[in-house]
Amino acid sequence: MITMVLLLAVATAETNEVDAFFEEFAAHRDAIRVVRARVHHENVTPDGVFEAEGTLLYAAPRRIVFRYDDPTVTDLLIDQLRLYRFDKDLEQLLIDQLEDDPATEALYLGFDSDLRRLREAFEVNLFIPEAREGAVQGILLRPKDPEDDDEVAPAAVFEEVYLYLREDDYLPTRVIVVNDAHSHVEMRFSDYEVNSPIEPAETQFFLPEGTVIVENQEFFHQAPEGGLMLPRDPIIPELPEAEEYEEDTEENSAP
């Protein structure tokens, strides 16, 4: 009985700690509307190691664009519940509708302002990264066992994810997605710019005339004469004043 009480107390303390962190996380991100960064992408599989360099753009609300330096590497754009994969070399764009479930939130890891919905599908634990990681806070996500929850959790998309967050704004310096014992994806971020002005077209893909567009693996059409911008609606974020962002990060960094 004493053991059960102690275990319950520890679990409650851990839950309170995660709750407090998510409150702090949201406060740190409140004034962030645009994020730019360089990204180094490494994909390790039994077939070998694939590496790519490129840029990331996050624009609120909920659009992320990965553009890679190598034209043979597929660019990615995530907009709400739609995933765009642009193969520049093949001149082909694949569009897929994502499920509206907490697992989809994993696509926004480290850049959205509120990660609470992740807790519906994942066990969330905090850890302190080693000094060499260049981060002050770590988050570990593991998919919940459906039998451990009243609701059926979505199918696991990975075994675990490690996020390494930097000080002041909690933007990620590193993300590791462990798919299984033999494969993982690692992304390292650098050269951050926060709330810098952007052109609306930067939040879209320009598809040259004739680009093949495949929607949900069944609907085919081509970009018309003169090309096409997708998604059709660009993101035009309302940027805060520089002083507002600086004050927000200073307040949330205070002990």
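Everything quoted here is computed from the prediction, not taken from an experiment. (Residues numbered from 1 in each chain as written. Predicted model: local features only at pLDDT ≥ 70, side-chain atom pairs only at ≥ 80, totals over all residues. Heavy atoms only, no water.)

Caption draft 1: How the structure looks around the packing of aromatic side chains. In the structure shown here, the tally under the stated rule is eleven aromatic pairs. Seen in terms of ring centroids, Phe21 and Phe22 are 6.0 Å apart; in terms of plane orientation they differ by 55°. Their pairing is tilted. Considered together, Phe21 and Phe22 belong to a single accessibility category, that of buried residues. Each ring, one from Phe25 and one from Tyr170, has its centre 6.3 Å from the other, and the planes form 20°; the classification is stacked. Note that Phe25 is positioned in helix H1 (residues 2-29) and Tyr170 in the loop between strand S9 (160-165) and strand S10 (172-180), a separation of 145 residues in sequence. Relative accessible area serves as the criterion here: at 8%, Tyr170 is assigned to the buried category. Linked through ring pairs, Phe21, Phe22, Phe25 and Tyr170 together constitute an aromatic cluster. (Phe/Tyr/Trp six-rings, centres within 6.5 Å; stacked < 30°, edge-to-face > 60°. Buried < 20%, exposed > 50% of the residue type's maximum accessible area, 1.4 Å probe, protein only. Helix = DSSP H or I, 4+ residues; strand = E, 2+ residues; numbered from the N terminus.)

Caption draft 2: Just the confidence of the model for the protein, in detail. Here the protein averages 85 in pLDDT, and 84% of its residues register 70 or above. Note that residues 2-13 has pLDDT below 50 and, in this model, zero contacts with residues that lie over four places away or in other chains. (pLDDT = per-residue confidence, 0-100. Contact = heavy atoms within 4.5 Å.)

Caption draft 3: Expanded view of the pattern of salt bridges. Here the structure, examined in full by the defined rule, presents 15 salt bridges. Glu186 serves as the salt-bridge partner of Arg174, at 2.9 Å between the closest nitrogen and oxygen. Highlighted residues: Arg174 in strand S10 and Glu186 in strand S11 (residues 183-194), separated in sequence by twelve residues. The exposure class assigned to Arg174 is buried, which follows from its relative accessible area of 11%. For Glu186, the salt bridge is made with Arg188, and the minimal N-O distance between the two is 3.0 Å. (Salt bridge = Lys/Arg side-chain N within 4 Å of Asp/Glu carboxyl O.)

Caption draft 4: Main features of the environment of Val49. Take Val49: it is sitting in strand S2 (residues 48-59). Considered as a pair, Val49 and Ser183 are 134 residues apart in the sequence and their alpha carbons are 9.5 Å apart. Look past the residues within four positions of Val49 in its chain and what remains in contact with it is Glu42, Asn43 and Val44.

Caption draft 5: Expanded view of the environment of Glu42. Mapping Glu42 onto the fold places it in strand S1 (residues 34-45). Along the backbone, Glu42 and Val185 are 143 residues apart, and their C-alpha atoms lie at a distance of 5.7 Å. Setting aside anything within four residues of it in sequence, one finds Glu42 in contact with Val49, Phe50, Glu51, His184, Val185 and Glu186.

Caption draft 6: Local environment of the nonpolar core. Counting residues in each nonpolar core, the largest one holds 44 residues, and the members touching the most others are Phe111 and Phe189. In terms of residue count, the dominant contributor to this core is S11 (five residues). With residues near it in sequence (within four places) discarded, Phe189 still touches Arg38, Val39, Leu56, Phe66, Phe111, Pro172, Thr173, Arg174 and Val175. Core analysis: the next-biggest nonpolar cluster, separate from the first, contains 17 residues, Val34, Ile95, Phe205 and Leu228 among them. (Core = buried A, V, L, I, M, F, W, Y, C linked by side-chain atoms within 4.5 Å.)

Caption draft 7: Seen up close, the side chain of His28. Considering the arrangement of structural elements, one finds His28 in helix H1. His28 sits in the buried class, given a relative accessible area of 2%. A polar atom in the side chain of His28 sits 3.2 Å from the backbone oxygen of Asp168. (Polar contact = N/O pair within 3.5 Å; in protein donor to acceptor, adjacent residues only side chain to side chain.)

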